[in-house]
Amino acid sequence: MPGSNQEQERLEQLRERQLTDRDPLVKQRQFQRVTTQRERRAKKPYTLGRMWKDIPHMWKGFFYGIVLGTMVLLILPLLWISPWAVPCSAIALVVFAIFGASVGRAIDTRENIKDLLR
């Protein structure tokens, strides 16, 4: 009876599968594998690029404004010979810093709205 032999093998495989499914070590190994994969992903080095991406746009914009204002503060007195060059440059530094912070804040707000709409 060849059909009976195939049925016997199928039942043995089914029983073996059921036993391995109930084996707590299989689930424990699977849990350990998943947790180690998560830990490996989490242990990526914290690079300057990742650090820069974590900084809110408001602070980035403020930083860009300060850099641009400092460049104006250094270059404008060389190009414009006047006693008003340095005070105007200082005012430009403040204006650029405020403008950069507000643009950065607007970008942060837009991203927050996008996240809320998802």
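Parameters at a glance
- Residues numbered from 1 in each chain as written.
- Predicted model: local features only at pLDDT ≥ 70, side-chain atom pairs only at ≥ 80, totals over all residues.
- Heavy atoms only, no water.
- Helix = DSSP H or I, 4+ residues; strand = E, 2+ residues; numbered from the N terminus.
- Expected span 1.5 Å × (residues − 1).
- Buried < 20%, exposed > 50% of the residue type's maximum accessible area, 1.4 Å probe, protein only.
- Contact = heavy atoms within 4.5 Å.
- Polar contact = N/O pair within 3.5 Å; in protein donor to acceptor, adjacent residues only side chain to side chain.
- Salt bridge = Lys/Arg side-chain N within 4 Å of Asp/Glu carboxyl O.
- Phe/Tyr/Trp six-rings, centres within 6.5 Å; stacked < 30°, edge-to-face > 60°.
- Patch = residues over 30% accessible without salt bridge, like charges linked within 9 Å, V, L, I, M, F, W, Y side chains within 5 Å.
- Areas by Shrake-Rupley, 256 points an atom, 1.4 Å probe, with all protein chains shown as cover.

With that out of the way, let us pick up helix H5 (residues 85–117). If you check H5, its first and last C-alpha atoms are 48 Å apart, about what 33 residues at 1.5 Å a residue would give, namely 48 Å. Within the span of H5, buried status applies to Ala85, Ser89, Ala92, Leu93, Ala97, Gly100, Ala101, Gly104 and Asp108. Buried residues belonging to H5 abut helix H4 (57–79).

A separate point is the side chain of Ser89. With respect to the secondary-structure elements, Ser89 resides in helix H5. Among the polar contacts listed, one links the side chain of Ser89 to the backbone oxygen of Ala85, at a separation of 2.7 Å. For Ser89, the contacting residues outside a window of four places in its chain are Gly69, Val72, Leu73, Leu76 and Pro77.

Let us look at the pattern of salt bridges. The full count for this structure, using the stated rule, is two salt bridges. As a salt-bridge pair, Glu7 and Arg10 come within 2.8 Å of each other at their nearest N and O atoms. Of the two residues, Glu7 and Arg10 both sit in helix H1 (residues 2–22), three residues apart, roughly one turn of that helix. Relative accessible area serves as the criterion here: at 36%, Glu7 is assigned to the partly exposed category. For Arg118, the salt bridge is made with Asp115, and the minimal N-O distance between the two is 3.6 Å. By relative accessible area, Asp115 is classed as partly exposed at 44%.

Scanning the model with the defined rule gives four aromatic pairs in all. With a centroid separation of 6.2 Å and an interplanar angle of 85°, the aromatic rings of Trp59 and Phe62 are classed as edge-to-face. Placement of the pair is Trp59 and Phe62 together in helix H4, with a separation of three residues, close to one helical turn. Site record: aromatic cluster; members linked through ring pairs are Trp52, Phe63 and Tyr64.

Quick look at a nonpolar patch on the surface now. A contiguous nonpolar patch, built from Trp52, Phe63, Tyr64, Val67, Leu68, Met71, Leu74, Ile75, Leu78, Leu79, Trp80 and Trp84 and spanning about 1300 Å² of accessible area, is present on the exposed surface. If you tally residues by element for the nonpolar patch, the top one is H4, at nine residues. Topologically, Met71 is positioned in helix H4.

Turning our eyes to something else, we now look at the environment of Lys53. Topologically, Lys53 is positioned in helix H3 (residues 48–54). A residue is classified by how much of its surface remains accessible, and Lys53, at 69% relative accessible area, is exposed. When the C-alpha atoms of Lys53 and Val26 are compared, they prove to be 40 Å apart, with 27 residues separating the residues in sequence.

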